[in-house]
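# Summary of the model geometry
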Amino acid sequence: MPRNAELLAAVVLVRGPPTVLEPPSAVQRAAEHVRARLRQASDGLPAAQRAVLPGMVVGDNSRLDQKLSDDFRAAGLAHLLVVSGANLAIVIGAVLALCRFAGLGRRVAPFPAALAVAAFVVVARPEPSVLRATVMGVIGLLALFTGRPRQGVPALAAAVLLLVLIDPGLARSYGFALSVLATAGLLVLAPPWRERLRRRMPDLLADALAIAAAAQVAVAPVLVMLSGEVGVVSVAANLLAAPAVAPATLLGALGAVTALISVPIAELLMWPAGFAVGWIVWVARASAKLPYATIPWKGGGLGALTLLAACALAVLILRSRRLRLAAVAVTAGILLAVIGLRVIAPGWPPPAWAMVACDVGQGDALALAAGPGRAVVVDTGPDPGPVNACLGRLGVRDVPMLILTHPHADHIGGTAGVREGRRVHTVLTTPRASGREARYTSGLLSRVALPGQRWNVGDLELSVLGPLSTGPGLTPADDGTTINNASIVLVARRPGFSALLAGDVELEAQRALAGSVPAVQVLKVPHHGSRSQDPAFLTAAHASVSLISVGRDNDYGHPSPVTVNRLQHLGAHVHRTDQEGDIAVVRTATGLSIVPRH
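Residues numbered from 1 in each chain as written. Predicted model: local features only at pLDDT ≥ 70, side-chain atom pairs only at ≥ 80, totals over all residues. Heavy atoms only, no water.

## Focus: the overall build of the chain
Scanning the chain for helices and strands turns up 21 helices and 17 strands. Taking 598 residues into account, the globule formula puts the C-alpha radius of gyration at 25 Å, and the chain, at 27 Å, falls close to it. Once the C-alpha set of the chain is aligned to its principal axes, its extents read approximately 85 × 70 × 50 Å. Sequence separation of at least 24 residues holds for 64% of the intrachain contacts in the chain that already meet a minimum separation of 6. A total accessible area of about 29900 Å² is found for the chain, and carbon and sulfur atoms account for 64% of it. (Helix = DSSP H or I, 4+ residues; strand = E, 2+ residues; numbered from the N terminus. Rg over C-alpha atoms; globule rule 2.2 N^0.38 Å. Contact = heavy atoms within 4.5 Å. Areas by Shrake-Rupley, 256 points an atom, 1.4 Å probe, with all protein chains shown as cover.)

## Section: the side chain of Thr380
Relative to the helices and strands, Thr380 resides in the loop between strand 5 (375–378) and helix 14 (384–394). Take Thr380: its relative accessible area is 0%, and that puts it in the buried class. Look past the residues within four positions of Thr380 in its chain and what remains in contact with it is Asp364, Ala365, Val387, Leu402, Leu404, His411, Ile412, Gly413, Gly414, Thr415 and Val418. (Buried < 20%, exposed > 50% of the residue type's maximum accessible area, 1.4 Å probe, protein only.)

## Observations concerning the sheet that holds strand 4 (residues 366–369)
As summarised here, the arrangement of the eight strands in space is 8-7-6-5-4-3-16-17, forming an open sheet in which the pairing is mixed. Across the chains shown, the open sheet's two edge strands, defined by having one partner strand only, are strand 8 (445–448) and strand 17 (591–597). If you compare each strand with its neighbour and ignore which way they point, the axes differ by 20° on average. (Pairing = 2+ DSSP bridges. Axes fitted to C-alpha atoms, helices over the stretch in contact; angles between N-to-C directions.)

## As for a positive patch on the surface
Side chains of Arg196, Arg199, Arg200 and Arg319 sit close together on the surface and give a patch of like positive charge. In this structure, Arg319 sits in helix 12 (residues 300–319). We classify Arg319 as exposed; its relative accessible area is 71%. (Patch = residues over 30% accessible without salt bridge, like charges linked within 9 Å, V, L, I, M, F, W, Y side chains within 5 Å. Salt bridge = Lys/Arg side-chain N within 4 Å of Asp/Glu carboxyl O. Lys, Arg positive; Asp, Glu negative; His and termini not counted. Charge placed at Lys NZ, Arg CZ, Asp CG, Glu CD.)

## Digging into the pattern of salt bridges
A full pass over the atoms with the stated rule returns 12 salt bridges. Salt-bridge contacts for Arg39 lead to Asp60; the nearest nitrogen and oxygen are separated by 2.5 Å. Note that Arg39 is positioned in helix 1 (residues 26–41) and Asp60 in the loop between helix 2 (47–58) and helix 3 (66–74), a separation of 21 residues in sequence. Its relative accessible area of 5% is what places Asp60 among the buried residues. The salt bridge partner of Asp43 is Arg63, with a shortest N-O separation of 2.5 Å. You can see Asp43 sitting in the loop between helix 1 and helix 2 and its partner Arg63 sitting in the loop between helix 2 and helix 3, a full 20 residues away along the chain. Taking relative accessible area as the criterion, Asp43 reaches 38% and is therefore assigned partly exposed. Residue Arg63 is classed as partly exposed on the basis of its relative accessible area, which comes to 30%.

## Looking at the pairing of strand 6 (residues 398–404)
Of all seven residues in strand 6, seven are buried, a share of seventy percent or more. The pairing of strand 5 with strand 6 spans two bridges and is classified as parallel. Its bridge partner lying in strand 6, Val378 is registered against Ile403. Of the pairings in the sheet, the one linking strand 6 to strand 7 (residues 423–429) comprises six bridges and is parallel in character. If you follow Met401 over to strand 7, its bridge partner there is Thr426.

## A short note on the packing of helix 10 (residues 234–259) against helix 11 (residues 263–289)
Two elements in contact, helix 10 and helix 11, have axes separated by 8 Å at closest approach and are oriented at 160°. Viewed along their axes, helix 10 and helix 11 adopt a mutual orientation that is roughly antiparallel. When you trace helix 10 past helix 11, the crossing you get is left-handed. Across the contact of helix 10 with helix 11, the residue classes tally to 23 nonpolar, four polar and no charged. (Parallel < 35°, antiparallel > 145°, perpendicular 65-115°, else oblique. Left-handed = near helix turned anticlockwise from the far one by under 90°. Nonpolar A, V, L, I, M, F, W, Y, C, P; charged D, E, K, R; others polar.)

## So, the confidence of the model for the chain
Residues with a pLDDT of 70 or more make up 90% of the chain, whose mean pLDDT is 84. Scored below 50 in pLDDT, residues 1–5 makes eight contacts in the model with residues more than four places away or belonging to other chains. (pLDDT = per-residue confidence, 0-100.)

## Things to note about the nonpolar core
With 35 residues, the main nonpolar core has Val52, Phe72, Leu77 and Ile280 as its most contacted residues. Among the elements that take part in this core, helix 11 stands out by supplying nine residues, more than any other. Ranked by size, the runner-up nonpolar core spans 28 residues in total, among them Met355, Leu428, Trp455 and Leu547. (Core = buried A, V, L, I, M, F, W, Y, C linked by side-chain atoms within 4.5 Å.)

## Notes on the pairing of strand 17
Relative to strand 17, strand 16 (residues 582–588) runs antiparallel, the two being bridged by seven bridges. Counted as the bridge partner of Ala584 is Val595 from strand 17.

## Some details on the sheet that holds strand 11 (residues 489–494)
Strand order in the open sheet formed by seven strands is 9-10-11-12-13-14-15, and the pairing between neighbours is mixed. The two strands at the open ends of the sheet, each matched to only one other strand, are strand 9 (454–457) and strand 15 (573–576). Across the sheet, the axes of successive neighbouring strands diverge by a mean angle of 20°, strand direction being ignored. As defined by bridge partners, strand 11 adjoins strand 12 (residues 497–501) across five bridges and the pair is classed as antiparallel. Bridging from a neighbouring strand, Arg494 pairs with Phe497 of strand 12.

## So, the layout of surface pockets
Estimates place the volume of the second largest pocket at around 530 Å³. For the lining of the second largest pocket, the secondary-structure elements that each account for two or more residues are helix 2, helix 4 (85–101), helix 5 (110–124) and helix 10. For the lining of the second largest pocket, the leading source of residues is helix 10, giving five residues. Tallied by class, residues from the lining of the second largest pocket come to 17 nonpolar, no polar and no charged. (1 Å grid on protein atoms, 1.4 Å probe; cavity = no way out; pocket = protein on both sides within 12 Å on 5 of 7 lines; lining within 4 Å. Points joined across faces, edges and corners; volume = space filled by probe spheres on them.)

## Regarding helix 1
Across its 16 residues, helix 1 extends 22 Å between first and last C-alpha, which sits within 8% of the 22 Å expected from 1.5 Å per residue. Every buried residue of helix 1 is accounted for by Ala31, Val34, Arg35, Leu38, Arg39 and Ala41. Those residues of helix 1 that are buried are in contact with helix 2, helix 5, helix 10 and helix 11. (Expected span 1.5 Å × (residues − 1).)

Below, the structure is given as structure tokens:
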């Protein structure tokens, strides 16, 4: 049944493959033809430019990898990867300029512009931001046709009312809210800020700074609700990227149209567009690498309210000279303290790390150190981006062994992220594999984990404890517990370190394995700390450190308070990725220590 007050009447559970009822319409086929020609024309560009340009022009992000997407998000440039009002404004402006050059008056020019808008919406797909921008654009063209002055705020209000009446679901769309708020910021905040800034700096710089700051301030509360962080470098990144946005969009759009006639000619247009996109990509990557490009903040509604309160306090400070001086002094003190901490505190990864539980949300991904730049990876989380970023921070370039404990998406879905820019030598799968893993591991040497096997990678030794059952492979009809109990269970050892990695095994498998579980220092708690834990299994491990890989505010209630209390009662220190981020287990002269990366 529907949850979280969503606008749903029912939930349909799909069984079996989809059936094609009818082919795409002629309009849809034509739109996909345009997108395909644009991709073809951009094939000669470097990989990053080839991925970003179609997204900026027509919202086609099919080539965009998660790492680059994360860099754009951290830099506050994610809005450039989707079609928005800015794209439509550029297209309308270009068409109206051509009409003016051709001598068409205001009574005729809106019609070619309206046709361009319709074609643009079909190719870019009717996403919330595109719909909002389309309605506003049509209202603006109508004002041009009638000769009445165009006013942005009434146009925005009319667009929002019309679209919500047509599709009430947009009232709950974060994408639609971000689009409307960004536009409102440009209409309400940017003009007075621009006038104030023009008193102190050149007009061109004042305009750019006012636009970037107004849009960012307007959307900040919603972004905090979604991500739980505040972008620090976003205004500067948008200022640096702004000069390249219009050339990239216009040349890309012109290339898309030209590609319908001649792909070779379109390829010539792609090169200057690629240079503009290359600059934007460099800004995104450089900004994302800066220390504290984003800072943690309380998520949800409370986070939005506290951010608004902080903005109100900032306005009061800016209006008072004494408060400004006090704020500068406090900020300088904090800055010095932060710099001092970065100099004194160890960086990431901490030296002599033996194991890291990567924060990949509701899923598992572990890295076991196997030498400089090398790590054995156990599971990959649900998505490629987080595990790729985690291994990148650890400096892992070579993966001697990738172990996929069982074929659930939250353990194998991020496999492409492990393979991104790294060499993976061998894949180890459960003997009851379903074949689902093969979709992620094509071209890699695959082996089956059998009880009693030992694998040595440098001074790291891996012993396979389970699954004890090596019966028939898993099928789509198997329930979640059956698949969980097919998990590979490992013991990892190296000098000064030992760990039990238990996949997602539940009560039945834990009871079968309890007698063979050795005492270890670290336990990767099975199944994200669910309540389904056998006390004898947990007791046998005798671990002083328990790691729970779990997603923040997940729908499963993981970890169970009963499990956490039981582990603490056994004397274990419990650490969770949802609260601490990446968690490193470090060997020291006196034993093990835990270093979280918040």
